[in-house]
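Chain and residue survey
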Amino acid sequence: MGDGPGFGSGPVRQERRTGERQSTRVLVVGQGYVGLPLAVRAVVAGYDVVGYDIDSERVDRLRAGTSFIEDVDDAGLAMALESGRFALTHEVDDIAGFDLAILTVPTPLRDGVPDLGHIEAAGRQLAPFLRPGCTVVLESTTYPGTTEEFLVPLLEAGSGGLRAGADFLVGYSPERIDPGNTVYRLDNTPKVVSGTTPEALDRIGAFYADLVSEVVPVASPRAAELSKLLENTFRHVNIALVNELAIFAAELDIDIWAAIDAADTKPFGFMRFTPGPGVGGHCLPIDPSFLSWRVQRSLGHRFRFVELANDVNDHMPDHVVQRITRLLNDRSRPVRGSTLLLLGYAYKPNTGDDRQTPVRPIAEKLAELGATVWCHDSWVDPANFCDSVEPVDLTASVVAAADVVVLLVDHCDLDLAIVVDHAAVVFDTRNAVTGPNVVKL
């Protein structure tokens, strides 16, 4: 392509590009954990950005300068708003005139089936505003084939006769946002990019090269879609492995954490994964099932690794409840009438993200058994707690009043000294504390 950056030459890494931009007005559809950081980063890179979200309350909150995620703090949001290059809206008509639109909408599972309803709605809203030369990028996690088989026909059907590849460009770039990760952020995490045509790959790669330190072009949207599912399936399967090992190790009276530490000294052929009370967030409980569903539907085969990992990880909350029950039994206490203090409600440390948190089923099961369930999490808004728990502050008297303190999320600001010094017994699912009153997962 003449003096283009050459992203279409194959699956090679491409460093940040400098030079003339090929798009100036960027539309980011969805202002959640993926869309908001992306929109703010594009503003920092010098683009004019419209952030669109159907949630008017969320838009109003962001317009007022209040962020709801850790990856974009209030100061960063204020900077973007004060630049004059970031507009937020929930009005569909405000999305007109974009050069590049990025879809960062949710893709949940409904009864084990991928729900593309949000992608469909966003595509139908975008289609009438397509114009020759514009570009559409899907970032939502989904099964291989979604971009080309689902999104492209949707856009073409509502565009008034425009055709992908000839009149407008389409591609896929999977999000790699890790909420709360202070080491790898959007700007320094390599970005996989793809396009349905070489020109689309060039255009999309050039845009993301202005936002991140490195882009990784791949040959097709299908390969890019699969890469995202592979990343999360790899984690899901290996977490399931150590979770099941933790269950068996406890029965065999073996310290699983010591075994993991020992194995981790090997400088090759081993990657450290640790057990926990279950998996949460959007990725692990959902993404591998997208791949399993696609394999079953297209090939008629079961993805047995995913099914086994789902079975193990989905039942870790049950195992946690069973271990708590045993701890109470060992102290001649029934679950019914006991007071249990859960530390943490988020799905992972150092984030307020409670999507698919395993703490919810743990709390609900304990409450069903008749326990009084308290919960402390300084990162999650107590309004997001399930009805089964009572929010409490972490004080010495609260810790001492609990029959068992269950450490589920080891946030960096958690006062572990209060826990160890005043708890009758601590059930530690994260290997965060030690002491004579501590029992580990």
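Residues numbered from 1 in each chain as written. Predicted model: local features only at pLDDT ≥ 70, side-chain atom pairs only at ≥ 80, totals over all residues. Heavy atoms only, no water.

**Thoughts on the pattern of salt bridges**
To keep it simple, the criterion reads: Whenever a carboxyl oxygen of Asp or Glu lies within 4 Å of a side-chain nitrogen of Lys or Arg, that contact is scored as a salt bridge. Think of it this way: any DSSP run of H or I at least four residues long counts as a helix, any run of E at least two long counts as a strand, and we number them from the N terminus. Per-residue accessibility, obtained with a 1.4 Å probe over protein chains only, is compared with the maximum for each type, and a residue is labelled buried under 20%, exposed over 50%, and partly exposed between these values.
In total, this model carries 22 salt bridges according to the counting rule given. Residues Arg272 and Asp261 are paired through a salt bridge, measuring 2.8 Å at the closest nitrogen-oxygen approach. Residue Arg272 is located in the loop between α8 (256–263) and α9 (287–299), and its partner Asp261 is located in helix α8; the two are separated by 11 residues in the primary sequence. Take Arg272: its relative accessible area is 33%, and that puts it in the partly exposed class. Here Arg355 makes a salt bridge to Asp353, at a shortest N to O gap of 2.7 Å. Taking the relative accessible area as the measure of exposure, Arg355 reaches 33% and is therefore partly exposed. One salt-bridge network, in which partners are shared between bridges, spans Glu148, Glu149 and Arg222.

**Considering the packing of aromatic side chains**
Short version of the rule: What counts as a ring pair is set by centres within 6.5 Å for rings of Phe, Tyr and Trp (its six-membered ring), and what kind of pair is set by the plane angle: stacked under 30 degrees, edge-to-face over 60, tilted for all other angles.
Scanning the model with the defined rule gives 5 aromatic pairs in all. Each ring, one from Tyr33 and one from Phe68, has its centre 6.2 Å from the other, and the planes form 85°; the classification is edge-to-face. Of this pair, Tyr33 sits in the loop between β2 (25–29) and α1 (35–44) while Phe68 sits in the loop between α2 (56–63) and α3 (74–82); the two residues are 35 residues apart in sequence, bridging distant segments of the chain. With relative accessibility at 16%, the residue Tyr33 sits in the buried group. With centroids separated by 5.1 Å and ring planes inclined at 70°, the aromatic side chains of Tyr47 and Phe207 adopt a geometry described as edge-to-face. Placement of the pair is Tyr47 in the loop between α1 and β3 (48–52) and Phe207 in helix α6 (residues 198–209), with a sequence separation of 160 residues. Assigned by exposure class, Tyr47 and Phe207 land together as buried. Ring pairing ties together the aromatic residues Tyr47, Phe207 and Tyr208, which thus form one cluster.

**Some thoughts on helix α10 (residues 304–314)**
The following threshold applies: Contacts were defined at the residue level, with two residues in contact if any of their heavy atoms lie within 4.5 Å.
Those residues of α10 that sit buried are Val306, Ala309, Asn310, Val312 and Asn313. Those residues of α10 that are buried lie in contact with α7 (221–251), α9 and α11 (316–330).

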